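# Examining the three-dimensional arrangement
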Amino acid sequence: MPMCGIVGYVGAGSPSDRPQGVVMGGLERLEYRGYDSAGIAIVTPDETRLAVAKKAGKLVNLAKEIAERPLPVGTAAIGHTRWATHGSPTDANAHPHLAAGGRIAIIHNGIIENYAALRDELRGKGVEFVSETDTEVAGHLLADEVDSGKPLAEAMRAVARRLEGAFTLLAVDAREPHVVVGTRRNSPLVVGLGENENFLGSDVVAFIEHTRTALELGQDEVVEITPEAVVVTDLDGSPVERAPYEVTWDASAAQKGGFDTFMEKEIHEGPTAVADTLRGRMDANGRLQLDEGIVAPEVLATIDKIIVIACGTASYAGLVAKYAIEHWCRIPVEVEYSHEFRYRDPVVGPRTLVVAISQSGETMDTIMAMRHAQQQGAPVVAIVNVQGSTIAREADAVLYTRAGPEIAVASTKALLAQITAAYLLGIYLADLRGNKFPDEIAALLRELDAMPAKVQLVLDTSEPVRELARELADTKIVLFLGRHVGYPVALEGALKLKELAYIHAEGFAAGELKHGPIALVEEGVPIIIVLPSPRGRESLHAKVVSNIQEVRARGARTIVIAEEGDEQAAQYASHVFYVPEAPTLMMPLLTAVPMHVFAHELATVQGRDVDQPRNLAKSVTVE
Ligand code: F6R
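Let me begin by describing the structure that accompanies this report. Keep in mind it's a predicted model, so treat the numbers as computed, not measured.

### Observations concerning the packing of aromatic side chains
With the rule as written, the count across this model stands at three aromatic pairs. Where Y9 meets F199, the ring centres are 5.4 Å apart and the plane angle is 55°; that geometry is what we call tilted. Taken together, the residues span a long stretch of sequence, with Y9 in strand β1 (residues 5–11) and F199 in strand β10 (residues 197–201) at a distance of 190 residues. Ring geometry for W328 versus Y423: centroids 5.2 Å apart, planes at 75°, classification edge-to-face. You can see W328 sitting in helix α9 (residues 312–329) and its partner Y423 sitting in helix α13 (residues 413–432), a full 95 residues away along the chain. Y423 gets classed as buried once you look at its relative accessible area, which sits at 0%. One cation-aromatic arrangement involves R614 over Y502; the distance from NZ or CZ to the ring centre is 3.9 Å.

### So, the environment of V465
Looking at the element boundaries, V465 is found in helix α16 (residues 463–471). Between the C-alpha atoms of V465 and E601, which are 136 residues apart in sequence, the distance is 8.6 Å. Apart from the residues within four sequence positions on either side, V465 is in contact with F577, P594, V597 and F598.

### Some remarks on unusual backbone geometry
Peptide bonds are, in most cases, trans, and in most cases residues other than glycine have a negative phi. In this model, H95 is joined to P96 through a cis peptide bond whose omega is 0°. One non-glycine residue, N196, adopts positive backbone phi at about 55°. For N196, the position within the fold is in the loop between β9 (190–193) and β10. In this model, Y502 sits at a positive phi of 55°, which is unusual for a non-glycine residue. Tracing the backbone shows Y502 in the loop between α17 (486–501) and β22 (504–509). Judged by relative accessible area, which is 21%, Y502 ranks as partly exposed.

### Digging into the packing of α17 against helix α20 (residues 588–605)
Two numbers describe how α17 lies on α20: the axes approach to 9 Å, and their chain directions differ by 20°. One finds that α17 runs roughly parallel with respect to α20. Our pair here, α17 against α20, has a crossing hand that is right-handed. Within the contact between the two elements, α17 uses V489, E492, G493, K496, L497, L500 and A501 and α20 uses P588, T591, A592, M595, H596, F598, A599, H600, L602 and A603. Here the residues of the contact of α17 with α20 sort into eleven nonpolar, four polar and two charged.

### Focus on the sheet that holds strand β7 (residues 165–173)
Paired through their backbone hydrogen bonds, the strands of a sheet run either parallel or antiparallel. The strand order across the open sheet formed by six strands is β5-β6-β7-β8-β12-β13, and the pairing between neighbours is antiparallel. At either margin of the open sheet sits one strand with a lone partner, and together these are β5 (97–99) and β13 (230–234). Averaged over all pairs of adjacent strands, the angle between strand axes in this sheet comes to 20°, irrespective of strand direction. Relative to strand β6 (residues 104–112), β5 runs antiparallel, the two being bridged by three bridges. Of the residues in β6, the one forming a bridge with H97 is I106. Sheet contacts for helix α4 (residues 135–147): β5, β6 and β7; angle to β6, the most-contacted strand, approximately 135°.

### Structural notes on the sheet that holds strand β2 (residues 37–43)
Pairing is antiparallel in the open sheet, where eight strands are placed in the order β3-β2-β4-β1-β10-β9-β11-β14. The sheet terminates laterally at β3 (51–56) and β14 (245–246), the two strands that pair on one side only. Looking at chain direction, strand β11 (residues 213–216) and β14 are connected through two bridges and run antiparallel. Following the sheet pairing, A214 is matched in β14 by Y245. Relative to β1, helix α1 (residues 18–30) is tilted by about 160°, and along the sheet it contacts β1, β2, β4 (76–82) and β10. On top of the sheet, helix α2 (residues 59–68) reaches β2 and β3; it is set at about 140° to β3, its chief contact.

### What about the site of the ligand?
Close contacts around the ligand come from 14 residues, with S358, Q359, S360, T363 and E499 the closest. Between S358 and the ligand, the recorded distance is 2.6 Å, taken from a side-chain N or O atom to an oxygen atom. Broken down by secondary-structure element, the contributors of at least two residues to the shell around the ligand are α9 and α17. Taken together, the residues of the shell around the ligand break down into five nonpolar, seven polar and two charged.

### With respect to the side chain of H140
Relative to the assigned elements, H140 resides in helix α4. You can call H140 buried: its relative accessible area is 12%. Leave out the neighbours within four places in its chain, and H140 touches L98, A99, L122, V127, E128 and F129.

### A look at the state of the cysteines
Overall, the coordinates contain zero disulfides when judged by the stated rule. In this structure C311 is not part of a disulfide, and its nearest cysteine sulfur, from C4, lies 19 Å away.

About the criteria used
Residues numbered from 1 in each chain as written. Predicted model: local features only at pLDDT ≥ 70, side-chain atom pairs only at ≥ 80, totals over all residues. Heavy atoms only, no water. Phe/Tyr/Trp six-rings, centres within 6.5 Å; stacked < 30°, edge-to-face > 60°. Helix = DSSP H or I, 4+ residues; strand = E, 2+ residues; numbered from the N terminus. Buried < 20%, exposed > 50% of the residue type's maximum accessible area, 1.4 Å probe, protein only. Lys NZ or Arg CZ within 6 Å of the ring centre and 35° of its normal. Contact = heavy atoms within 4.5 Å. Axes fitted to C-alpha atoms, helices over the stretch in contact; angles between N-to-C directions. Parallel < 35°, antiparallel > 145°, perpendicular 65-115°, else oblique. Left-handed = near helix turned anticlockwise from the far one by under 90°. Nonpolar A, V, L, I, M, F, W, Y, C, P; charged D, E, K, R; others polar. Pairing = 2+ DSSP bridges. Near = heavy atom within 4 Å. Polar contact = N/O pair within 3.5 Å; in protein donor to acceptor, adjacent residues only side chain to side chain. Disulfide = S-S within 2.5 Å.

Functional significance is not addressed by these values, which are geometric in nature.
In structure tokens, the structure reads:
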């Protein structure tokens, strides 16, 4: 039962190798969504059977298989890259799954919750199952419908009506060689519009190389693509009008662009991500423009609490924003992991603004938390990177982070863009609620505008961070300390090191040190410390300097990230990395960058797969 990447293609003219080329290219781009197995089905001129290849493991295994046993030319194809949840990552569980004696192939992203009952029903009719997946059930149901005389699209509508849970499904039938059908519920599916060819993908990156014109499929809709047409209906077969849109970035944005890894490239796109997220946000009156939807200013003016819901790195963006928004707007801000929020019976109502932060917009924990908040009457503003994703569609209003596609599993540039967008929201609220004078608002916006150039400076001077990472390649533990906005940055540093280098890394609030974690400190343990600016609140700087001395006295190797000109930092540090001067609240946009560079380099020298760390997937579309 996978959460996965999906591609579909159909083209005009005689059978060719284009369907295979398009689908394999799309899978390469979607591999970030899962890489436990990959497979492809080609619709060939033979009307009785499809040509299928599938392999456990990464896409290279499938590519090798196809190189050894080439697939025939065809008119259409579907392909899948899997992130296994139930059903181990074997060849048999890899998609596509076949039905009707190999005439129908189906691929799936999501979970069919009522699959056990459906499987029993099908077994009762004599169907034999060859995999442990829920997907196969949908394939056999589809075969039943097609056998009763329905065209593929109509059969898919009938199947979707019977399924419970979350799914994107694509299917092909050898007897309809110029048709691919798809449907979705709680899982993404985007259509790419070409000339005499059309595409389907979990994400536009699947087909961006071929077309930038896309349309999104709504909840519980079915799409039929042929070379000439795209027909969208609801599950009852009534036509649905969907307006196409132009994707604003191009194929090169989804390539490595000269870097060795996507993550490295994306770290270097940090300045652009911040600049693009800031660009053109204010209307003529200096008021923030949300990208989609609306939460009425009267509502925002009367909210008495903000709850940020997010997971992982996105939650750290929320934690950073808490410090800023509380300071600017004098509204209490809670930050909660989406998965914890939903199950603790949170106190949420129409006067609570819920801010959902997510790069993918598909994180199921955050989707469910958002829905829960909406049921309690809370307005939800989403800060999301992927256009048209579920969170973007379901939120009351959206502020897009314009970080461009983030392919590496570990989030980097999106974090900077999320902090930037959350700050814009905070500044907007401060303005709307009269917490700040217009000149103060203008000053904050100017400070933000200055940040992309400063992030660039951090990147330009990051070689010593890489050198140190190489030196520490054999370390078994790294601790991270931070205080105030430096605390979420410490958490981020630790998370990145864990997920990329698989070593024990922990982030602590520096003030907590003496309440327990200091017991971890022994001779030679590297501790990365985010030192607040001495120009900020004096006591904050002094307290962290004391922490540095405390751990140093116990033999730690102190690695300090300090502001340019902070003389004291060098006195107690084994290594200091300076970032440019910036206001305290803007600092995380700079101090997070060495964390990313450090983790990337350390994992690289250890020979890890930096873009696709083990056991992880880019979009966590299951709870
Ligand atoms: C860590 C990382 C994850 C994500 C988290 C939320 O590097 O990438 O912790 O931040 O899974 O994902 P989104 O932002 O897509 O909701």
